[in-house]
Amino acid sequence: MDHRRQGDPGTAAFQVERYPFFLINRLASRYNATIEPRLRAIGLDIPNWRVLMILGEHAPRGVRDIAEAAVIPLSTMTRIVQRMAAADLVTLTPSADDARVTMVALTATGESKLAEARHATSPIYQQVITGLSARDFDRLLTLLDRVYRNLEG
């Protein structure tokens, strides 16, 4: 049976359990609910964690770039990084190339919190991938990326 038809909300055969976005949202919500208490215990929330994880890969980055990576509206991201700057997790500086662009970089405190956050969330990640082979995991990433790219204009 082709379950894509049951995942199409425009058909009479629609079943919410076959709708990928329901499943993805349910997964993300459960994951966030699981890591949130661990993050709160070290003084972070989900938005701060997301920014730290993004900056941990590459910094400094512009606020717009972080917002796009996190799929958060620019105005919301601007408020998040301003709060993070007030908490000494990041620095905000104008770009040398374009003063209209605010660059965000980790402070020493931010780097320390990032290390704590990685340590706090790693056991959950290990739990999540239990039973997935390397091949399954790679396929999962490929499929999620393909669906994401299909949503681009």
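Here the structure is a predicted model, which is why all the values come from computation and not from measurement. (Residues numbered from 1 in each chain as written. Predicted model: local features only at pLDDT ≥ 70, side-chain atom pairs only at ≥ 80, totals over all residues. Heavy atoms only, no water.)

A. Just the overall build of the chain, in detail. Scanning the chain from terminus to terminus reveals 7 helices and 3 strands. Listing every helix and strand of the chain by position from the N terminus yields α-α-α-β-α-α-β-β-α-α. Counting only C-alpha atoms, the chain reaches 55 × 35 × 25 Å along its principal axes. Across the 153 residues of the chain, 27% fall into the buried class. In the chain, the share of contacts with a sequence separation of at least 24, taken over all contacts with a separation of at least 6, comes to 43%. The chain carries 19 positive and 17 negative side-chain charges, and their two centres are separated by 6 Å. (Helix = DSSP H or I, 4+ residues; strand = E, 2+ residues; numbered from the N terminus. Buried < 20%, exposed > 50% of the residue type's maximum accessible area, 1.4 Å probe, protein only. Contact = heavy atoms within 4.5 Å. Lys, Arg positive; Asp, Glu negative; His and termini not counted. Charge placed at Lys NZ, Arg CZ, Asp CG, Glu CD.)

B. View of the pattern of salt bridges. Overall, the coordinates contain 7 salt bridges when judged by the stated rule. Salt-bridge contacts for Glu152 lead to Arg149; the nearest nitrogen and oxygen are separated by 3.9 Å. Using a relative accessible area of 48% as the deciding quantity, one classes Glu152 as partly exposed. Because the salt bridges share partners, they merge into one network encompassing Asp145, Arg149 and Glu152. (Salt bridge = Lys/Arg side-chain N within 4 Å of Asp/Glu carboxyl O.)

C. The nonpolar core, seen in detail. Within the largest apolar cluster, 27 residues are counted, with the highest numbers of intra-cluster contacts made by Leu39, Val51 and Met77. Broken down by secondary-structure element, the contributors of at least two residues to this core are α2 (20-41), α3 (46-57), α4 (63-70), α5 (74-86), β3 (102-106) and α6 (108-128). Ranked by residue count, the leading element in this core is α3, at 6 residues. If we ignore the near neighbours within four places in the chain, the residues touching Met77 are Val51, Val63, Ile66, Ala67, Ala70 and Ile72. (Core = buried A, V, L, I, M, F, W, Y, C linked by side-chain atoms within 4.5 Å.)

D. Geometry of a nonpolar patch on the surface. On the surface, Phe21, Ile24, Leu132, Leu140, Leu144, Val147 and Leu151 cluster together into a nonpolar patch covering about 570 Å² of accessible area. For the nonpolar patch, the elements supplying multiple residues, two or more each, are α2 and α7 (134-150). If one sorts the elements of the nonpolar patch by residue count, α7 sits on top with 3 residues. (Patch = residues over 30% accessible without salt bridge, like charges linked within 9 Å, V, L, I, M, F, W, Y side chains within 5 Å. Areas by Shrake-Rupley, 256 points an atom, 1.4 Å probe, with all protein chains shown as cover.)

E. Highlighting the packing of aromatic side chains. Evaluation of the coordinates by the stated rule reveals 4 aromatic pairs. Pairing Tyr19 with Phe21 gives two aromatic rings, centres 5.6 Å apart and planes at 70 degrees, and the pair type is edge-to-face. Taking relative accessible area as the criterion, Tyr19 reaches 25% and is therefore assigned partly exposed. By relative accessible area, Phe21 is classed as partly exposed at 35%. Geometrically, the ring pair formed by Tyr31 and Trp49 is tilted, given 6.2 Å between the ring centres and 50 degrees between the ring planes. You can see Tyr31 sitting in helix α2 and its partner Trp49 sitting in helix α3, a full 18 residues away along the chain. Given a relative accessible area of 24%, Tyr31 falls into the partly exposed group. Through a chain of ring-to-ring contacts, the aromatic side chains of Phe14, Tyr19 and Phe21 assemble into a single cluster. (Phe/Tyr/Trp six-rings, centres within 6.5 Å; stacked < 30°, edge-to-face > 60°.)

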